[in-house]
Amino acid sequence: DTRTVQAYRASLLHFHADPAFAENAHAWHRDGLLVVENGRVLAAGDYDKLAATLPDGTDVVDYRGQIITPGFIDTHLHFPQTDMIGSPAPDLLPWLENYTFPTERQFKDPVHARTIAEFFLDELLRNGTTTALVYCTVHKESVGAFFEASAARNLRMAGGKVLMDRNCPDFLQDTADLRDSEDLIRRWHDHGRAMYAITPRFAPTSTPAQLGAAGELARAYPTTYIQTHVSESRDECAWVKSLYPDNRSYLQVYEHHGLMRQRSMFGHCIWLDDVDFALMADTGAAISHCPTSNLFLGSGLFDVAKADSVRAHVSLGTDVGAGTSFSMLQTMNEAYKVARLKGSYLPALRMFYLATLGAARSMQLEGTIGNFAAGTEADFIVLDPKATPLLARRTANGDSLEETLFALALLGDDRAIRATYAAGKRVHERH
Ligand code: GUN
Ligand code: ZN
């Protein structure tokens, strides 16, 4: 018998719908049991009902007092920017020029790329993030380093080689010939748990020829991801208008080049207009809202209510290293405040949805990750509502689920992640 069944007793929280649009979108089992077989979810439910179904002798890990949720999904960040997080600059464009480009230069060296990729993935796991959509650098060496480190941990990760063939230093410039990207797709896409993302950095650093080639590559490999930046800072938007005068909007530059489809992920989306939001919804593309980055660089405030009004896919990204934290809890904290400043409100349940099933749906991965439906990959985290002395006091009073999650989002960070599991194996434990 090759069955390996493992069970975890804790409170369980996961989603089967978006709480902004459906009643009873979440499942909550105060005394719950998560049953995992060979790296996949076998069942999730009440301990009382499921305990009797376990094969004789099944090991039950006791996490009572903790909350198990699906692992967080971070839909926008840059692994090569790990060592430059928290570098000050007055705006996006000087930040790129003064810190980002010199930092990314070092990733031609595969030894350096490997060192940073390993630290980066371990840092994600310490923060409870089990899947991410990741920018590498323009160097193919950086992509190999990223996917090798990810495969060694058996993580479901997406990433790709940055494309930029103008308006960047010579040492980071490539061309409209996307042979390296295609080789990397063949080498990595859907190998194990790896997924490839075609990654034009943003419209200002690509010629129309390169964006067109990226669109063609995306058509040839329709299950790959596409990731880029759009409408982040006002100076950037003005620059795009001058570089692409024939396009109605910044977002439509990407549409025009065949880069809007399901599995396209657009970081930031702050300065989109109504036509752009409708285009996002109609094409099935997705938004990555990156609040810690947007507040840090002073880029602007994303309008989640606008995205919801057209039912566009929305997810959350840390955008490390412009983002100031690897923690999706801290990202929720700042998303909450950005929503307030835009006159709307993000309940904690909605933010946990956005960081799990909402992101999985944005990436067309529902059924694979994002909740505890039977057969999904067992990527999950153990959240400790008493992780710090302050959290312990704050959550001591028999609060509602919403209040407990809200306290975790506002006060929590990596300390609240008691353990992280990927495909049923523990990959982080807090000491
Ligand atoms: N726009 C183009 N490149 C980048 C980047 O690396 N970070 C952010 N935040 N915005 C960008
Ligand atoms: Zn970014």
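Each value, and the rule that gives it
Residues numbered from 1 in each chain as written. Chains lettered and ligands numbered in written order. Predicted model: local features only at pLDDT ≥ 70, side-chain atom pairs only at ≥ 80, totals over all residues. Near = placed C-beta within 6 Å. Helix = DSSP H or I, 4+ residues; strand = E, 2+ residues; numbered from the N terminus. Nonpolar A, V, L, I, M, F, W, Y, C, P; charged D, E, K, R; others polar. UniProt positions renumbered as here; feature names shortened; annotations may be inferred. Axes fitted to C-alpha atoms, helices over the stretch in contact; angles between N-to-C directions. Parallel < 35°, antiparallel > 145°, perpendicular 65-115°, else oblique. Contact = placed C-beta atoms within 7 Å. Domains from an automatic or database assignment. Buried ≥ 20, exposed ≤ 12 C-beta atoms within 10 Å, placed from the backbone. Core = buried A, V, L, I, M, F, W, Y, C linked by C-beta atoms within 7 Å. pLDDT = per-residue confidence, 0-100. Arc of directions from axis to C-beta. Pairing = 2+ DSSP bridges. Left-handed = near helix turned anticlockwise from the far one by under 90°.

Brief notes about the site of ligand 1
Okay, so step 1: Residues in close proximity to ligand 1 include His-78, Leu-92, Leu-96, Thr-100, Arg-201, Phe-202, His-229, Glu-232, Ser-293, Asp-319 and Ala-322, which together make up its full environment.
Okay, so step 2: Considering every element that reaches the shell around ligand 1, the biggest residue donor is helix α2 (residues 92-105), with 3 residues.
Okay, so step 3: In the shell around ligand 1, the residues fall into 4 nonpolar, 4 polar and 3 charged.

Description of the UniProt feature "domain: Amidohydrolase-related" (unreviewed entry) in the chain
Okay, so step 1: UniProt records the feature "domain: Amidohydrolase-related" (unreviewed entry) at residues 67-427, using the numbering of this structure.
Okay, so step 2: From the first C-alpha to the last, residues 67-427 spans 17 Å; its make-up is 42% helix and 17% strand.

Here's the deal with the packing of helix α12 (residues 328-341) against helix α16 (residues 401-411)
Okay, so step 1: The N-to-C vectors of α12 and α16 enclose an angle of 100°; their axes lie 6 Å apart at closest approach. Considering their axes alone, α12 and α16 lie roughly perpendicular with respect to each other. Between α12 and α16, the contacting residues are Leu-329, Met-332, Asn-333 and Tyr-336 on the first element and Leu-408, Ala-409 and Leu-410 on the second.
Okay, so step 2: A per-class count over the contact of α12 with α16 returns 6 nonpolar, 1 polar and no charged.

Regarding the domain arrangement of the chain
Okay, so step 1: Per the domain assignment, the segments making up the chain are domain 1 (5-70 + 370-429) and domain 2 (72-346).
Okay, so step 2: In this structure, domain 1 and domain 2 have C-alpha centres spaced 29 Å apart.
Okay, so step 3: If you look at the interface, domain 1 gives 19 residues, while domain 2 gives 19 residues.
Okay, so step 4: Among the secondary structure elements, those contributing two or more residues to the side of domain 1 that touches domain 2 are α16, β15 (417-422) and β16 (425-429).
Okay, so step 5: In terms of residue class, the side of domain 1 that touches domain 2 is made up of 10 nonpolar, 4 polar and 5 charged.

What about unusual backbone geometry?
Okay, so step 1: Going from Val-320 to Gly-321, the amide bond is cis rather than trans, its omega being 0°.
Okay, so step 2: Positive phi is not limited to glycine here, since Arg-263 has a value of about 75°.
Okay, so step 3: Position of Arg-263 relative to the elements: it lies in the loop between α8 (250-256) and β11 (264-268).
Okay, so step 4: Classification of Arg-263 as buried rests on a count of 23 C-beta atoms within 10 Å.
Okay, so step 5: Unusually for a residue other than glycine, Cys-269 sits at a positive phi of about 60°.
Okay, so step 6: Among the structural elements, Cys-269 can be located in the loop between β11 and α9 (274-283).

Describing the nonpolar core
Okay, so step 1: Counting residues in hydrophobic clusters, the biggest one holds 132 residues, and the most contacted among them are Leu-34, Val-134 and Ala-355.
Okay, so step 2: In terms of residues, this core owes the most to one element, helix α3 (residues 110-126), which gives 7 residues.
Okay, so step 3: Structurally, this core is a two-domain feature, drawing no fewer than three residues from each of domain 1 (5-70 + 370-429) and domain 2 (72-346).
Okay, so step 4: Residue contacts for Leu-34: discarding those within four places in its chain leaves Ala-7, Tyr-8, Leu-12, Ala-44, Ile-68, Phe-372 and Phe-380.
Okay, so step 5: In terms of nonpolar packing, the next biggest core, distinct from the first, is built from 6 residues, Leu-92, Trp-95, Leu-96 and Leu-297 among them.

Examining the confidence of the model for the chain
Okay, so step 1: Averaged over all residues, the pLDDT of the chain is 98; the fraction at 70 or higher stands at 100%.
Okay, so step 2: As a predicted assembly, this complex carries a pTM of 0.99 together with an ipTM value of 0.99.

Concerning helix α5 (residues 179-188)
Okay, so step 1: Within α5, the full set of buried residues consists of Ser-181, Leu-184, Ile-185 and Trp-188. Across the axial projection of α5, the buried residues extend over an arc of 105°, all falling on one side. Away from its buried face by more than 90 degrees, α5 exposes Arg-179 and Arg-186.
Okay, so step 2: Taken from the residues just after α5, Asp-190 is the one with a positive phi, measuring 65°.

So, the pairing of strand β14 (residues 380-383)
Okay, so step 1: Neither face of β14 is exposed, since Phe-380 and Val-382 on one face and Ile-381 and Leu-383 on the opposite face are all buried.
Okay, so step 2: Across 4 bridges, the pairing between strand β4 (residues 59-70) and β14 is antiparallel. Note that in β14 the partner of Ile-67 across the bridge is Leu-383.
Okay, so step 3: Both β14 and β15 contribute to a ladder of 4 bridges, which runs antiparallel. Across the sheet, Phe-380 pairs through a bridge with Tyr-421, a residue of β15.

Concerning the environment of Asp-282
Okay, so step 1: Among the structural elements, Asp-282 can be located in helix α9.
Okay, so step 2: A count of 12 C-beta atoms within 10 Å places Asp-282 in the exposed class.
Okay, so step 3: A sequence separation of 28 residues divides Asp-282 from Val-310, and the C-alpha atoms of the two residues are 8.9 Å apart.

Looking at the packing of α3 against helix α4 (residues 140-152)
Okay, so step 1: Interaxial distance between α3 and α4 falls to 8 Å at its minimum, and their mutual angle equals 40°. With respect to each other, α3 and α4 are oriented oblique. As for how α3 packs across α4, the hand of that crossing is right-handed. From α3, Pro-110, Ala-113, Arg-114, Ala-117, Glu-118 and Leu-121 reach across to α4, where they touch Glu-141, Ser-142, Gly-144, Ala-145, Phe-146, Ala-149 and Ser-150.

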